[in-house]
Amino acid sequence: MGTSVGAANAVIAKDPKLQIQRFHGLRSYGSIPLNRRRVNVLPASSSSNSSLVTATATPDVAAEPKRSKVEIFKEHSNFIRYPLNEELLNEAPNINEAATQLIKFHGSYMQTNRDERGTKSYQFMLRTKNPCGKVPNKLYLAMDDLADQFGIGTLRLTTRQTFQLHGVLKKNLKTVMSTIIRNMGSTLGACGDLNRNVLAPAAPFTSKDYLFAQETADNIAALLSPQSGFYYDMWVDGEKFMSAEPPEVVKARNDNTHGTNFPDSPEPIYGTQFLPRKFKVAVTVPGDNSVDILTNDIGVVVVSDAHGEPQGFNLYVGGGMGRTHRIENTFPRLGEPLGYVPKEDILYAVKAIVVTQRENGRRDERRYSRMKYLISEWGIEKFRNVVEQYYGKKFEPFRELPEWEFKSYLGWHEQGDGELFCGLHVDNGRIGGKMKSTLREIIAKYDLSVRLTPNQNIILCDIRRAWRRPITTALAQAGLLLPRYVDPLNVTAMACPALPLCPLAITEAERGIPDLLKRVRAVFDKVGLKYSESVVIRVTGCPNGCARPYMAELGLVGDGPNSYQIWLGGTPGQTVLARPFMNKVKIQELEKVFEPLFYTWKHKRQAKESFGDFTNRMGFEKLQEIVDKWEGPAEAPARFNLRLFADKKTFEAMDELGKLQNKNAHQLAMEVVRNYVASQQNGKAE
């Protein structure tokens, strides 16, 4: 996917005798920091007995490379402590610019409520770090309490299997942070220029491949966790709350055989400068794309033998969603195959990739600092060759994989150990009101642990069969419905928080998507699409793409007040990148685009062709022509001309019930009729 630029890059990529020097990271080199050194790639000497190059770092006295302001803040921070430690002690409600950048490494962003005018009301968002989305019972209950005591009364589930807690005041930060830490949780590295939360399938299956994927995600998260203690110094006065790490993690972290580490640094992998930008890793099993595997910097896939025994891993590299409007050299990108490694080598391979990005990712302009831009510039062959120097081996050929499929894991499922789990749909990941209190009661009463999914949903784990009926009843009363009662459009939809708290948001996402999905469903009804049909819809308030809109069949990306870019062409399995279709479509004008697209899809699609595949086959030029010339459907489908409501009172009652499920009265009534007819045909009325 990436292309090499320049003849030198092409030569390096193809010639195995050209070796990359062994960096020692961004530590001082004499009186000259590494970021002021010129790094040379030298050909092997013909007189040498070895093809390896003994590379040297030469002081570049001509000029100091430009560095972003954040790089300066990190360098002078004493490993992410100063000036945050001082800013937290004063009585101001906010913190200064440097501290605002540094607190991200601790898992927090400073925000203001943009709905309020006049004096800014500063508050902080905290994000937890939960590898595989695992949340112990004790931590869930603590987060639920903190949301009420110190937040805005709601919890938010993120697209990276974590919690976000909004509305925390600066004066309460230490209390909230220490409470999370003391209840088996952490926010360390949930934000900032380092490895973020490591994704893995949330389903608590007990099969070997799923357990191995989750164990691997845990180990990668531990390997890439900061070691210098700044987090615990700040929030629990230096007291450590870390469980014992597996010996293979400690061994891999400390190994410096191939020059990956800072030998005498409190941060052996990160050094003083950490990474150029955020870094994302996901682990999964073949076929299970519940983690959007291709959108990560590293995608790790368990490869098992014919008996189901894990043998190794396929690695993808270079995915990422962020971009900037109208700057064409910023773009979303899919990960591409790097190679295969035996299972015992996975931590060393991941570390080698991270170090390659650490040493070569751009540190001058942050919008180009993600690893996807490095791979796009170098090309995958050169990138692979450089990583192999830090890995110390050649990657084996990528193993063949089955097709990817999105899995929601909603509803009731067997875990494989005699117990059950129940996946619950949470609109936009926002838990509040009756839903929040009911979940707490159930999780506390039955002592359940939970898992958070990359699709902003929640899974209740380890449920005994005798508990299924009372739990189902309690959930239904709180509006937490089984999948058959959730609109198929809502099942796959996602939105970022956007306004009012995100400083980057240009327009609405989370607050706007419920109405948007109702409008899409109304268009489906109008053009004659079945209720069971769906498209993957994702909405973000800005182009950073936190809800991964560039993988959607229909992505809406805020690009002005009450207006969106429309992206088309992603697929249900999340394996194809969407492309921009239209710019600056006002929110009130969306039906003028949706109606012709969905009508044409219904009438011109091939058998079982998804909306995303259809838009790619038709071509955007043809679709644009259809939208431009649209004058409405030839005739409304007769089956939707039924008069369902004889009186206003019945209509209003049905409309109120429908709101609980994000449906209008007509949609809910049609569903009731269908279910009744089906039950009669099956000979068992419900």
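One numbering rule holds for all chains: residues counted from 1, following each sequence as written. Restriction of local features to residues with pLDDT of at least 70 applies here, the model being predicted, together with a cutoff of 80 or more for giving and counting side-chain atom pairs; totals for whole chains, interfaces and linings are based on all residues. The basis for every side-chain value is the complete set of heavy atoms in the structure, and neither hydrogens nor water enter the calculation.

As named in an unreviewed UniProt entry, the protein is assimilatory sulfite reductase (ferredoxin), taken from Papaver atlanticum.

1. Details of the sheet that holds strand β17 (residues 420-424)
Applied cut-off: Only strands joined by at least two bridges in the DSSP assignment are considered to pair. A run of H or I in DSSP becomes a helix once it reaches four residues, and a run of E becomes a strand once it reaches two; helices and strands are each numbered from the N terminus.
The strand order β9-β19-β20-β17-β16 describes an open sheet built from 5 strands, whose pairing is antiparallel. Looking at the sheet topology across the chains shown, the edges are occupied by β9 (134-135) and β16 (411-414).

2. Concerning helix α11 (residues 371-378)
The α-helix winds at 3.6 residues per turn, so residues separated by three or four positions along the chain end up facing the same way. This is how the line gets drawn: Partly exposed residues are those whose accessible area sits between 20% and 50% of the maximum for their type, while under 20% is buried and over 50% is exposed, using a 1.4 Å probe and protein chains only.
Buried residues dominate α11, accounting for 7 of its 8 residues. For α11, the complete set of buried residues consists of Met371, Lys372, Tyr373, Leu374, Ile375, Ser376 and Trp378. In the stretch just after α11, Gly379 is the one whose phi turns positive, near 90 degrees.

3. Some points on the pattern of salt bridges
Inclusion rule: Salt bridge, as applied in this entry: a Lys or Arg side-chain nitrogen positioned within 4 Å of an Asp or Glu carboxyl oxygen.
If you walk through the whole model with that rule in mind, you get 39 salt bridges. The salt bridge involving Lys69 is made with Glu97; its shortest N-O contact spans 3.1 Å. Taken together, the residues Lys69 in helix α2 (residues 69-75) and Glu97 in helix α4 (residues 97-102) connect sequence positions 28 residues apart. Between Glu595 and Lys526 there is a salt bridge, and its shortest N-O distance comes to 2.8 Å. With a gap of 69 residues between them, Glu595 in helix α17 (residues 591-604) and Lys526 in helix α16 (residues 513-527) connect regions that are remote in the sequence. What makes Glu595 buried here is its relative accessible area of 9%. Connected through shared salt-bridge partners, Glu71, Lys74, Asp193, Arg363 and Arg366 make up one network.

4. Section: the side chain of Thr260
This is how the line gets drawn: Pairs of N or O atoms within 3.5 Å make up the polar contacts considered here, provided that, within protein, one atom can donate a hydrogen while the other can accept it, and that residues adjacent in sequence are counted only when both atoms are side-chain atoms. Residue contacts follow a heavy-atom distance rule, with two residues in contact if any of their heavy atoms lie within 4.5 Å.
Within the fold, Thr260 resides in the loop between α9 (247-254) and β12 (281-284). In terms of polar contacts, Thr260 uses its side chain to reach the backbone carbonyl oxygen of Asp255, at 3.4 Å. Excluding its chain neighbours within four sequence positions, the residues that come into contact with Thr260 are Asp255, Pro268, Lys351, Val355, Arg358 and Tyr390.

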